[in-house]
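Fold and contact review
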Amino acid sequence: MFLLYINDFSTNLFNNVRLFDEDTSLYVIFDKGRIGAANSLTSDLNQLDQWSNQWVVDFILKKTINVNFTSKNTSHPNVKFGNSGPTFELSHNHTHLGLNFQI
């Protein structure tokens with residue numbers, strides 16, 4: 001039943017999304033334009049905020065992080081959840097499905 005309930009979750013998203021049990025990964029792959037990539041993710045997070053309000057689904061925002069995997073030493077703009085939601089600053093490590101990723 002849960003899968004039917006969230007079936008339209010990624011319908012209006014521009015970037016890549018992967019669902020893992022109770023976890024969701026939203027990501028963008030880019031070669032250039034990190035500001036555009038951050039804006040694109042922010043736009044998708046705004047869509048998810050609207051979806052969650054429509055379907056009365058709460059995201060655990062304290063578990064949400066922004067990670068930039070790159071070999072270049074560049075800054076990456078923060079992303080924001082919805083129009084009035086929190087801003088997610090860049091994190092340098094993340095554990096996902098038991099794997100620890102560090103940049």
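All of the points below concern the structure found in this document. (Residues numbered from 1 in each chain as written. Predicted model: local features only at pLDDT ≥ 70, side-chain atom pairs only at ≥ 80, totals over all residues. Heavy atoms only, no water.)

So, the side chain of aspartate 49
Along the chain, aspartate 49 turns up in helix H2 (residues 34-55). Those residues in contact with aspartate 49 that sit more than four places away from it in its chain are Phe81, Gly82 and Asn83. (Helix = DSSP H or I, 4+ residues; strand = E, 2+ residues; numbered from the N terminus. Contact = heavy atoms within 4.5 Å.)

Notes on the packing of aromatic side chains
Applying the stated criterion to the full structure yields 2 aromatic pairs. Between phenylalanine 9 and tryptophan 51 the ring centres are 5.1 Å apart and the planes differ by 85 degrees, which places this aromatic pair in the edge-to-face class. Placement of phenylalanine 9 in the loop between helix H1 (2-5) and strand S1 (16-20) and of tryptophan 51 in helix H2 is noted, with a sequence separation of 42 residues between them. Accessibility expressed as a relative area gives 7% for phenylalanine 9, which makes it buried. For tryptophan 51, a relative accessible area of 6% gives the class buried. On the basis of an interplanar angle of 55 degrees and a centroid distance of 6.1 Å, the ring pair of phenylalanine 9 and phenylalanine 59 is categorised as tilted. A residue pair is termed long-range when its members are at least 10 positions apart, and phenylalanine 9 in the loop between H1 and S1 and phenylalanine 59 in the loop between H2 and strand S3 (66-67) qualify at 50 residues. (Phe/Tyr/Trp six-rings, centres within 6.5 Å; stacked < 30°, edge-to-face > 60°. Buried < 20%, exposed > 50% of the residue type's maximum accessible area, 1.4 Å probe, protein only.)

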